[in-house]
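Structure at a glance
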Amino acid sequence: MAISTFELFKIGLGPSSSHTTGPMRAAAAFADDLVRQDRLSSVAELKVDLYGSLAATGRGHGTFLAVLLGLEGNLPDQIFPDAVERRAAELAETGELMLAGVTPVNFRESDITLHPREVLPTHTNGVTFAVLDAAGEPIYAQTFFSIGGGFIIREGEDPNRSDDSEVEFPFSTAAELLEHCERENLSFSGVMLRNELSKFSEADIRRRLLEIRDAMEACVDSAISRPGVLPGGLEVRRRATGWHERLMKEDPNQSPEFWQEWVNFVALAVNEENASGGRVVTAPTNGAAGIIPAVLFYATHYGSLAKASQEEKDDATVRFLLAAAAVGVLYKKGASISGAEMGCQGEVGSASSMAAAGLAEVLGGTIEQVENAAEIAMEHNLGLTCDPVGGLVQIPCIERNAIAASKAINAAKMALWGDGEHKVSLDQVIATMKQTGLDMNSIYKETSMGGLAVNVVEC
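The structure contained in this document is the topic of the report that follows. (Residues numbered from 1 in each chain as written. Predicted model: local features only at pLDDT ≥ 70, side-chain atom pairs only at ≥ 80, totals over all residues. Heavy atoms only, no water.)

A short note on the pattern of salt bridges
Our working definition: We define a salt bridge as a contact between a side-chain nitrogen of Lys or Arg and a carboxyl oxygen of Asp or Glu at a distance within 4 Å. Strands are runs of DSSP state E lasting at least 2 residues, helices are runs of H or I lasting at least 4, and numbering of each runs from the N terminus. Any residue under 20% of the maximum accessible area for its type is buried, any over 50% is exposed, and the rest in between are partly exposed; the area is computed with a 1.4 Å probe on protein chains only.
Overall, the coordinates contain 18 salt bridges when judged by the stated rule. Residues D214 and R213 are paired through a salt bridge, measuring 2.8 Å at the closest nitrogen-oxygen approach. Here E273 makes a salt bridge to R226, at a shortest N to O gap of 2.9 Å. In this pair, E273 sits in helix α10 (residues 259-275) while R226 sits in the loop between α8 (202-224) and α9 (240-250), placing the two residues 47 residues apart along the sequence. Residue classification places R226 among the partly exposed positions, given a relative accessible area of 25%. Salt bridges linked by common partners bring D32, D33, R36 and R154 together as one network.

If you want it as structure tokens, here you go:
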């Protein structure tokens, strides 16, 4: 199936799309397999093995609980944080998991077997589920891989597979995307819209995209309401509440000179909510979830759209998200959006590039300028490492989103001041990002074994 906008932008739970959302979806898929195969009644024992990055940073990323909740049949977009907290307490107290919501099995987080230094061939984020009968004989087993952005595949599936036969304008490279745009006189968002129309009506596409925008805004509102410190033990102070109070005092009308402060605030708020296990939108990952909302806020509150009607802002939002998704498809197909595979350039870098493209389009850029904006943003995120302190999506992740949002805005502005001609193409920079990720030492790819993760004292 072709990659959809609604796969790149998914509502789910923090703190990580690849370490929380993906494992929960994989566990739920395994439980569903047991239901479909009518094997639940024979299950007496459950085994779960986590490999590579899932094992190395699983505790800080909420992987263990996500797996248990998924095995009970929960999905990230259907369970809310308060239900997660309640069920987590019950599981810890009773040690009894309801497999597929039906069959009781004695299993706790501590029963998960970790293999942090063992990487399975397909991807560093591997998880194997197995069930046995009362005699200890195996009933069924399946290995899944969480390949970034909440996407999962089963063992034996190609992580880069994508069937584009059903869409009107298939593309895997920026050159192909530009060719469609030129031939059909379409924008980036126009091509993506036409492809989405193979699965959804135009009214449904608009409604769902505006629901994604609303979920991003609700994430900010939730962060404002939760002062104090973030969970996890690092005692990182939440800043969204205080920043919002100060902004409302100093800039209640959102004047142009304060745009940077508002962009920083939105990015920080979203990622604080993500770090606390709140409800967020993968954009295209949880670790980079604050960038696109922050740049979209800039797009709809400043410049030509500052005094626009709500309908005009809604139109711009739809175009922004579709254009960003078109670029997201390029990263998903040409490289990876997984921090465990590419480092943070795969998460924050791709999100910054997507946001720059969306902004350049709604500001009136030509297709060449939009492509240039996406290229500039990634070019200056190349080599970005993923080194979360304590395995938590807090330091340096939260501030990194704000910095990358500003990069995206600057990239769009630079592209719009040019004529679209540039030496380095988006395809070249995506290929470079992939090669850089492959060359990067594994300790800098979401393992918490290098960089800030080992040079900052946890206290």
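Overview of the side chain of H61
To keep it simple, the criterion reads: It only takes one pair of heavy atoms within 4.5 Å for two residues to be counted as in contact.
As for its position among the elements, H61 is in the loop between α3 (53-56) and α4 (63-71). Ignoring sequence-local partners within four residues, the contact set of H61 consists of P15, S16, H19, T20, P388, G391, V393 and E446.

Let's talk about the sheet that holds strand β5 (residues 113-115)
Paired through backbone hydrogen bonds, the strands of a sheet run either parallel or antiparallel to each other. Threshold: Any two strands with at least two DSSP-identified bridges between them are counted as paired. Fitted lines through C-alpha atoms give the axes, limited to the stretch in contact for helices. The angle between two N-to-C directions lies from 0 to 180 degrees.
Spatially, the five strands line up as an open sheet ordered β5-β2-β6-β7-β8, and their pairing is mixed. A single partner strand is all that each edge strand has here, and the edge strands are β5 and β8 (152-154). When the angles between neighbouring strand axes are averaged without regard to direction, this sheet yields 20°. Note: strand β2 (residues 45-52) against strand β6 (residues 125-132), eight bridges, orientation antiparallel. Counterpart to K47 in the pairing with β6 is A130. Along the sheet, helix α2 (residues 17-36) makes contact with β2, β6, β7 (138-146) and β8, crossing β7 at roughly 150°. Running over the sheet, α4 touches β2, β5 and β6 and is turned about 140° from β2.

Quick notes on the packing of α9 against α10
Quick note on the threshold: Oblique is the label for any angle not covered by the other classes, which are roughly parallel (under 35 degrees), roughly antiparallel (over 145) and roughly perpendicular (65 to 115). Each helix crossing is assigned a hand: it is left-handed if the near helix lies turned anticlockwise from the far helix by less than a right angle, otherwise right-handed if that turn is clockwise. Three classes are used: nonpolar for Ala, Val, Leu, Ile, Met, Phe, Trp, Tyr, Cys and Pro, charged for Asp, Glu, Lys and Arg, and polar for all others, with Gly counted as polar.
Relative to each other, α9 and α10 sit at 155°, their axes nearing to 9 Å. Judged by the inter-axis angle, α9 sits roughly antiparallel to α10. The handedness of the crossing between α9 and α10 is left-handed. Mapping the contact onto sequence places A240, W243, H244, L247 and M248 in α9 and E261, W262, N264, F265, L268, A269 and E272 in α10. A breakdown of the residues in the contact of α9 with α10 according to their chemical character gives eight nonpolar, two polar and two charged.

Concerning the layout of surface pockets
Just so we agree on the cut-off: Two kinds of site are reported from a 1 Å grid over the protein atoms alone, namely cavities, where a 1.4 Å probe fits but cannot get out, and pockets, open sets with protein on both sides within 12 Å along at least five of seven lines, and residues are called lining when an atom falls within 4 Å of a point. Grid points are joined across faces, edges and corners, and a volume is the space filled by probe spheres set on the points.
A volume near 870 Å³ is recorded for the largest pocket. As for the largest pocket, its lining consists of 32 residues, of which E7, K10, R25, F151 and I152 are closest to the centre. Those elements giving two or more residues to the lining of the largest pocket turn out to be α1 (5-8), β1 (10-13), α2, β8, α8 and α12 (310-334). Partitioning the lining of the largest pocket into residue classes produces 15 nonpolar, five polar and twelve charged. Volume-wise, the second largest pocket comes out at about 570 Å³. What lines the second largest pocket is a set of 29 residues, and nearest its centre among them are P15, G62, L65, S276 and G277. When grouped by side-chain class, the residues that make up the lining of the second largest pocket number 13 nonpolar, twelve polar and four charged.

What about the packing of aromatic side chains?
The condition that has to hold: Pairing of aromatic rings covers Phe, Tyr and Trp, the last through its six-membered ring, and needs centres within 6.5 Å; plane angles under 30 degrees mean stacked, over 60 mean edge-to-face, and all others mean tilted. Distance and angle both matter: a charge sits over a ring if NZ of Lys or CZ of Arg is within 6 Å of the ring centre and within 35 degrees of the ring normal.
This model, assessed by the stated rule, comprises nine aromatic pairs. For the pair W262 and F297, a centre-to-centre distance of 5.9 Å together with 25° between the ring planes defines the contact as stacked. Of the two residues, W262 is situated in helix α10 and F297 in helix α11 (residues 291-301); the sequence distance between them amounts to 35 residues. Under the relative-accessibility criterion, F297 is labelled buried at 14%. Here the aromatic residues W259, W262, F265, F297, Y298 and Y302 are joined through ring pairs into a cluster of three or more. R208 extends its terminal NZ or CZ atom over the ring of F6, reaching a point 4.1 Å from the ring centre. Lying across the ring of W259, K413 places its NZ or CZ 4.8 Å from the centre.

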